[in-house]
Amino acid sequence: MSASSEAEREELGYQYSPSRWSTRLPAGMVVDAHSEAIIAATKTARETLQCDLGIEYLEPGGPVLDIYHPQSTSGALGDVVFVWYHGGYWVAFGVGHAGVAAVPLTKHGATVVAVGYTLAPKADMTRIVQECRESAVFLRKRFPDKRILCRGGQLSTHTVRAYQGDHLNDHRLNHRWVR
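The rules behind these values
- Residues numbered from 1 in each chain as written.
- Predicted model: local features only at pLDDT ≥ 70, side-chain atom pairs only at ≥ 80, totals over all residues.
- Heavy atoms only, no water.
- Pairing = 2+ DSSP bridges.
- Helix = DSSP H or I, 4+ residues; strand = E, 2+ residues; numbered from the N terminus.
- Axes fitted to C-alpha atoms, helices over the stretch in contact; angles between N-to-C directions.
- Contact = heavy atoms within 4.5 Å.
- Phe/Tyr/Trp six-rings, centres within 6.5 Å; stacked < 30°, edge-to-face > 60°.
- Buried < 20%, exposed > 50% of the residue type's maximum accessible area, 1.4 Å probe, protein only.
- Expected span 1.5 Å × (residues − 1).
- Core = buried A, V, L, I, M, F, W, Y, C linked by side-chain atoms within 4.5 Å.

1. Some words on the sheet that holds strand β1 (residues 50-56)
- As summarised here, the arrangement of the five strands in space is β1-β2-β4-β3-β5, forming an open sheet in which the pairing is mixed. Edge strands, defined here as strands with exactly one partner in the open sheet, are β1 and β5 (147-152). This sheet shows a mean twist of 20° between the axes of neighbouring strands, independent of strand direction.
- Sheet topology places strand β2 (residues 64-69) next to strand β4 (residues 111-115); four bridges connect them, and they run antiparallel. Residue pairing in the sheet places Tyr68 in a bridge with Val112 of β4.
- The strands touched by helix α3 (residues 30-48) within the sheet are β1 and β2, with β2 carrying the most contacts at an inclination of about 60°.

Now the structure itself:
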C-alpha cells in the first residue's frame, strides 16, 4: 500500500469515528450518548404515535420492522414512506433504535418504517443484505401507491439503494423487485 493510500485510510477512519473528533463529549461517551438519545426518541414515538410493531417481513421468527403511522396524510409528505435502516455496523442496534425520525416526519404526513435485520455474527453479510432487500420488497407490496425513501446508518441503506441503482424509485421498484 502506498503512503498516500495509508494516509487516506487513516483520514477516512478518523472521519467515520465521531468519538475521535466530537467536541461535545469525551470520546468514551459519544456512542453511549447517541444510543441513549435514539432509544429515547424511539420510545417516545412508540408511546405517542399509532404504530404497528414487530412485523415479520421475511419468515416467522425472522427479522422485524415497525411502522409508524401519521395522524393525517394531508401533509407535505403524505405520499411518502420514509424507511430507516438502523446503524450499528451490522453488529449492534435494532428497530428499538430506529424510530428516531418517526415523530417529526409523521407530523408532516409521512409514514415511517424502522427496519431490523439479523445481526452479525449470527448472520453473514450476504444474509444481512438479502434481508434489507426483502424488506424493500415487502414494503413495496404493503405501500404500492407511495413513494419510498430509504435512509439509515452505515451501509445497510446503501445495500438496498445500490441494488436499485442510484436510489429507490417507484418505477424501478415495481419492475425489478415485485415477485
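Here the narrative resumes, following the displayed structure.
2. Here we look at the packing of aromatic side chains
- Using the criterion set out here, one finds one aromatic pair in the structure.
- Judged by centre distance (6.4 Å) and plane angle (15°), the rings of Phe82 and Trp84 are stacked.
- According to the relative accessible area criterion, Trp84 is partly exposed, its value standing at 23%.

3. Digging into helix α5 (residues 125-142)
- For α5, which comprises 18 residues, the first-to-last C-alpha distance of 26 Å matches the rise-based estimate of 26 Å (1.5 Å per residue) to within 8%.
- If you check which residues of α5 are buried, you get Ile128, Val129, Glu131, Cys132, Glu134, Ser135, Ala136, Val137, Leu139 and Arg140.

4. Looking at the nonpolar core
- By size, the foremost hydrophobic cluster in this structure holds 19 residues, and its most contacted members are Leu65, Val83, Tyr85, Val113, Val115 and Leu139.
- Within the residue set of this core, elements represented by two or more residues are β2, β3 (80-85), β4, α5 and β5.
- The dominant element in this core, judged by the number of residues it contributes, is α5, at four residues.
- Apart from residues lying up to four places away in sequence, Val83 is in contact with Val113, Val115, Leu139, Ile148, Leu149, Cys150 and Arg151.
- If you look at the next biggest cluster of nonpolar residues, it comprises twelve residues, including Ala45, Leu49, Cys51 and Tyr68.

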